[in-house]
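Descriptive structure summary
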Amino acid sequence: VREKVKDPSNSFGGTRYTDEQVNRYINIAQKEICINTGFLRATCIGTLTANTTEYYLPTNLFFIERVQFGAEDTLAETTMSQLDNNDYGWFDLSASSSTHYYTMVGLQKIGFYPPPEYSSVAVTIYYAKIPIDLASDTDEIFESDPKLNVFQDVIVMGALTHLLFLENDARCGTMEQKYMS
């Protein structure tokens, strides 16, 4: 992928873009693909503590697909506003078996409602994630997830679209159409 982005035409005699530029725009393209598709997935397993409502989420989380409480129960998603509308004192409820979860995206937190009544209950969060930025030549796109290899050419088109735009290159519009389709 890097070689295709460094010099897309091979007619410029040598490297056209620096490694830093190539990595920066490959990173942008792979993030755009993950944000638009949600194809890069992960699982986070944690243990809840009795009467503790909120917990930190992984920093690479883009969106939650589902939350599984214990061995089988899938929790329903709600919002803090919905909880406020139902009962403004919801946060002070005594512990019980959690039925819902809510997220505080800006704080990277998840909350459980009502608060769990027992400790050591496992919770599994299935989520779409944002890929780790490439930093060196040995780093792999999409964190080496083999099922996402089909997107290699799309990443090349995305990175080139951004680079050509910076140069006011006339080929930018054509490349962007290919990238977006």
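Residues numbered from 1 in each chain as written. Predicted model: local features only at pLDDT ≥ 70, side-chain atom pairs only at ≥ 80, totals over all residues. Heavy atoms only, no water.

**Considering the pattern of salt bridges**
Scanning the model with the defined rule gives 5 salt bridges in all. Where Lys31 meets Asp133, a salt bridge forms, and the shortest distance between an N and an O atom there is 2.9 Å. Of this pair, Lys31 sits in helix H2 (residues 19-37) while Asp133 is found in the loop between strand S8 (121-129) and helix H4 (152-166), placing the two residues 102 residues apart along the sequence. Here Lys31 falls in the partly exposed class, since its relative accessible area comes to 27%. Salt-bridge contacts for Lys129 lead to Glu143; the nearest nitrogen and oxygen are separated by 2.7 Å. Pair noted here: Lys129 is in strand S8 and Glu143 is in the loop between S8 and H4, with a separation of 14 residues, a long-range link. Take Lys129: its relative accessible area is 14%, and that puts it in the buried class. Residue class for Glu143 comes out partly exposed when judged on its relative accessible area of 27%. (Salt bridge = Lys/Arg side-chain N within 4 Å of Asp/Glu carboxyl O. Helix = DSSP H or I, 4+ residues; strand = E, 2+ residues; numbered from the N terminus. Buried < 20%, exposed > 50% of the residue type's maximum accessible area, 1.4 Å probe, protein only.)

**Observations regarding the sheet that holds strand S4 (residues 73-74)**
The 4 strands are arranged S1-S8-S3-S4 in an open sheet whose pairing can be described as antiparallel. Two strands lie at the open edges of the sheet, namely strand S1 (41-48) and S4, each paired on one side alone. Of the strand pairs in this sheet, strand S3 (residues 61-69) and S8 are connected by 7 bridges, and their pairing is antiparallel. Opposite Val67, over in S8, you have Ile125 as the bridge partner. (Pairing = 2+ DSSP bridges.)

**Focus: the nonpolar core**
Counting 24 residues, the largest nonpolar core has Val5, Ile26, Phe142 and Ile155 as its most contacted members. Going through the elements one at a time, H2, H4 and helix H5 (172-180) are the ones with two or more residues in this core. With sequence-adjacent residues up to four places away left out, Phe142 is seen in contact with Gln30, Ile33, Cys34, Leu40, Leu148, Phe151 and Ile155. Within the second largest apolar cluster, 16 residues are counted, among which are Leu48, Leu57, Leu61 and Val123. (Core = buried A, V, L, I, M, F, W, Y, C linked by side-chain atoms within 4.5 Å. Contact = heavy atoms within 4.5 Å.)

**Points about the environment of Asn27**
Within the fold, Asn27 resides in helix H2. Each C-alpha atom, one on Asn27 and one on Cys44, is 23 Å from the other, the two residues being 17 residues apart in sequence. Contact partners of Asn27, with chain neighbours within four places excluded, come to Asp133 and Leu134.

**Observations regarding unusual backbone geometry**
Here the bond from Tyr113 into Pro114 is cis, since omega is -20°, no more than 30 degrees from zero. The residue Pro114 is located in the loop between strand S7 (109-113) and S8 in this model. Despite not being glycine, Gln108 shows a phi value in the positive range, around 55°. Along the chain, the position of Gln108 falls in the loop between strand S6 (100-104) and S7.

**With respect to the sheet that holds S6**
Within the open sheet, the 4 strands sit side by side as S2-S7-S6-S5. Their pairing is mixed. Looking along the sheet, the strands with just one partner apiece sit at the ends: strand S2 (54-56) and strand S5 (76-77). Where S2 lies against S7, 3 bridges are found, and the strand directions are antiparallel. If you follow Tyr55 over to S7, its bridge partner there is Ile110.

**As for the pairing of S8**
Among the 9 residues in S8, 7 count as buried, and that is most of the element. The sheet contact formed by S1 and S8 spans 8 bridges and is antiparallel. In the sheet register, Ala42 faces S8, and the bridge partner there is Tyr127.

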